[in-house]
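The chain contents come next:
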Amino acid sequence: MTQDELKLAVAQAAIAYVVEGEIVGVGTGSTANFFIDELAKIKHKIKAAVASSEVTAARLRSHGITVLDLNEVTSMPVYIDGADEITPQGAMIKGGGAALTREKIVASVAEKFICIADGSKLVDVLGKFPLPVEVIPMSHAVVARKLNALGGEARLRIKDGQPLLTDNGNMILDVHGMQIHDPLAMEAEINNIVGVVTVGLFARQGANVCLLGTAEGVKTLQF
Ligand code: 5RP
C-alpha cells in the first residue's frame, strides 16, 4: 500500500468518530486533507467545522462545509488531525505544516483528539522529526540559542528564500537532533522560554485515540 492509500484509509476510519449534529475540529496537512474530503461526503450530518489553519478553512469551504470562528464555539466532541510523530503513549510532534499553534488551540476545546497517521509516524522516542517551535519574529535568535542549549540545533524555517510566516504572522524554528525521552517536561520547558508562542509537542494534551494505517489494516490505539 502507498503512503497515500494508508492516509486515505485512516481518514475514512476517522469518519466513525464524527458525532452527528455536532461541530468537528479539523486539522491541517495531507492526512487531514483526505479527512476533509471524506467529511464532505457526510457534511449534511454535521453542524459545522472549526479549522486549524487558513488552508484547512479554504478546503472545508470549497466543499460547502460551514467553518466557524473558534470564539463562537464552546464545545466540540472531537478534533481530528495528523501528526509528524506519535509515541505508543499518545504524545506527538506536530507542526510540520506550520499550523501547530492553531492546532493546539482548537484541540484544547475538543473532548477527544483523534490522531490519524500512517504507520511510519509511530516512534518510541520523539525527535527524529525536527521539533517545530513557533516564535515571535523579534525573538527567533535568542530562542534559537536557548533551544540549542537544550541539546538541539534550531534552524529557522525558510520558504521561497524568506523566513516562513505562520497564519499568526510568526516564525518557525525547527529543532534538529533532539531525543525527547520526557515529552511532558520538554513541552513545559520550551513553553517557558520567553518569545515562544507554542512548541509542537502535544504531550500535556496528547491524542486520545490514534488510527494508524498499516499494511494489515487500520489499527486503533487508545490512550
Ligand atoms: C501540520 C501538522 C500535521 O498534522 C503534520 O505535519 C502531519 O502532516 P501530514 O498529514 O501531511 O503528514 O501538524 O502543522
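Residues numbered from 1 in each chain as written. Predicted model: local features only at pLDDT ≥ 70, side-chain atom pairs only at ≥ 80, totals over all residues. Heavy atoms only, no water.

**Considerations on the pairing of strand E3 (residues 76-81)**
Along E3, 6 of the 6 residues are buried, which leaves the element largely enclosed by surrounding structure. Judged from the 3 bridges that link them, strand E1 (residues 23-26) and E3 form a sheet pairing that is parallel. Paired with Val-26 across the strands is Ile-80, a residue of E3. Across 5 bridges, E3 lies against strand E6 (residues 110-118) in parallel orientation. (Buried < 20%, exposed > 50% of the residue type's maximum accessible area, 1.4 Å probe, protein only. Helix = DSSP H or I, 4+ residues; strand = E, 2+ residues; numbered from the N terminus. Pairing = 2+ DSSP bridges.)

**Describing the UniProt feature "active site" (unreviewed entry) in the protein chain**
Per the UniProt entry, the sites bearing "active site" (unreviewed entry) are Glu-103 in this numbering. Mapping Glu-103 onto the fold places it in helix H4 (residues 100-109). Accessibility expressed as a relative area gives 2% for Glu-103, which makes it buried. In this structure Glu-103 touches Thr-28, Ser-52, Tyr-79, Asp-81, Lys-94, Gly-95 and Phe-202, once residues within four positions along its chain are discounted. (UniProt positions renumbered as here; feature names shortened; annotations may be inferred. Contact = heavy atoms within 4.5 Å.)

**Here we look at the site of the ligand**
The local shell around the ligand holds 17 residues, among which Ser-30, Thr-31, Asp-84, Gly-95 and Lys-121 are the closest. The contact in question runs from an oxygen atom of the ligand to an N or O atom on the backbone of Thr-28, over 3.1 Å. Contacts to the ligand include Gly-82, whose backbone N or O atom sits 3.3 Å from an oxygen atom. In isolation the ligand offers 380 Å² of accessible surface; the protein chains occlude 91% of this area. A class-by-class count of the residues in the shell around the ligand yields 3 nonpolar, 8 polar and 6 charged. (Near = heavy atom within 4 Å. Polar contact = N/O pair within 3.5 Å; in protein donor to acceptor, adjacent residues only side chain to side chain. Areas by Shrake-Rupley, 256 points an atom, 1.4 Å probe, with all protein chains shown as cover. Nonpolar A, V, L, I, M, F, W, Y, C, P; charged D, E, K, R; others polar.)

**Observations concerning the sheet that holds strand E13 (residues 201-202)**
Read from one edge to the other, the open sheet built from 3 strands follows the order E4-E5-E13, with strand pairing classed as antiparallel. The open sheet is flanked by strand E4 (85-86) and E13, the only strands paired with a single partner.

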